[in-house]
Amino acid sequence: MKLIHLLPCSLLAGASLTVFPAAAQTSIAEQQDARVIENLQRHGADLTKTHDIDFFLVFGQESDAVAAADHLRARGYQIAGIGEVPKRTLWEVHAKRKMAPEIGAMQAITRDLSALAASYHGYYDGWGTVGIK
């Protein structure tokens, strides 16, 4: 999910938070984690099995992307690539980790990577995986 798409979603989610107070306890990104996991389950993925999870962080400067990638590597992530976002002056870090996509773990990673990205003037752009049956 790109930042430009996050804003309209946040406006819609913000409106629904007044209707569903339980949703207010989690961030929009964490709610998105739950939707991705629900989608995996709906398509028959076995969430107890190890998946190759792809994580994406975006930065305005290459040096910030490289520094964040170094921190990710130190935390056990494999760095699949650091590259410019096409037609934009942004840099994307694509990191990978093998793990089971459990909701609590994924939401903890979302909080952690959001904070890491923000510390380097960037943002966490989410995660994805191919469901393993």
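Before going into details, it helps to say that this report is about the structure given with it. (Residues numbered from 1 in each chain as written. Predicted model: local features only at pLDDT ≥ 70, side-chain atom pairs only at ≥ 80, totals over all residues. Heavy atoms only, no water.)

Tallying secondary structure elements over the chain gives four helices and four strands in all. Across the 133 residues in the chain, those meeting the buried criterion constitute 34%. For the chain, contacts bridging at least 24 residues in sequence account for 69% of all contacts bridging at least 6. As presented, the chain carries roughly 7700 Å² of accessible surface, and 60% of it is formed by carbon and sulfur atoms. (Helix = DSSP H or I, 4+ residues; strand = E, 2+ residues; numbered from the N terminus. Buried < 20%, exposed > 50% of the residue type's maximum accessible area, 1.4 Å probe, protein only. Contact = heavy atoms within 4.5 Å. Areas by Shrake-Rupley, 256 points an atom, 1.4 Å probe, with all protein chains shown as cover.)

To continue, consider the packing of aromatic side chains. Taken as a whole, this structure holds one aromatic pair when the rule is applied. Relative to Tyr77, the ring of Phe55 has its centre 5.4 Å away and its plane inclined at 90°; by these criteria the two rings are edge-to-face. Linking Phe55 in strand β1 (residues 51-59) with Tyr77 in the loop between α3 (62-74) and β2 (78-84), this pair joins segments that are 22 residues apart in sequence. For the pair formed by Phe55 and Tyr77, the shared burial category is buried. Above the face of the Tyr77 ring, Arg97 is positioned so that its terminal group lies 3.9 Å from the ring centre. (Phe/Tyr/Trp six-rings, centres within 6.5 Å; stacked < 30°, edge-to-face > 60°. Lys NZ or Arg CZ within 6 Å of the ring centre and 35° of its normal.)

This part is about the sheet that holds strand β3 (residues 91-99). Within the open sheet, the four strands sit side by side as β2-β3-β1-β4. Their pairing is antiparallel. The open sheet has two edge strands with one neighbour each: β2 and β4 (122-128). Between one strand axis and the next, the sheet turns by 20° as a mean value, whatever way the strands run. Across the face of the sheet, helix α4 (residues 103-119) comes into contact with β1, β3 and β4 while running at roughly 155° to β4. (Pairing = 2+ DSSP bridges. Axes fitted to C-alpha atoms, helices over the stretch in contact; angles between N-to-C directions.)

A few words now on the packing of helix α2 (residues 28-42) against α4. For the pair α2 and α4, interaxial distance at closest approach is 9 Å and the crossing angle is 145°. Every pair of crossing elements has a handedness; the one defined by α2 and α4 is right-handed. Between α2 and α4, the contacting residues are Ala29, Glu30, Asp33, Ala34 and Ile37 on the first element and Ile103, Met106, Gln107, Thr110 and Arg111 on the second. Among the residues forming the contact of α2 with α4, the class breakdown is five nonpolar, two polar and three charged. (Left-handed = near helix turned anticlockwise from the far one by under 90°. Nonpolar A, V, L, I, M, F, W, Y, C, P; charged D, E, K, R; others polar.)

With that settled, the discussion passes to the pattern of salt bridges. Counted according to the given criterion, the structure contains five salt bridges. Residues Asp54 and Lys96 are paired through a salt bridge, measuring 2.7 Å at the closest nitrogen-oxygen approach. One end of the pair, Asp54, is in strand β1; the other, Lys96, is in strand β3, with 42 residues separating them in the sequence. Using a relative accessible area of 16% as the deciding quantity, one classes Asp54 as buried. With a closest N to O distance of 2.8 Å, Arg75 and Asp112 form a salt bridge. In this pair, Arg75 sits in the loop between α3 and β2 while Asp112 sits in helix α4, placing the two residues 37 residues apart along the sequence. The class for Arg75 is partly exposed, based on a relative accessible area of 35%. (Salt bridge = Lys/Arg side-chain N within 4 Å of Asp/Glu carboxyl O.)

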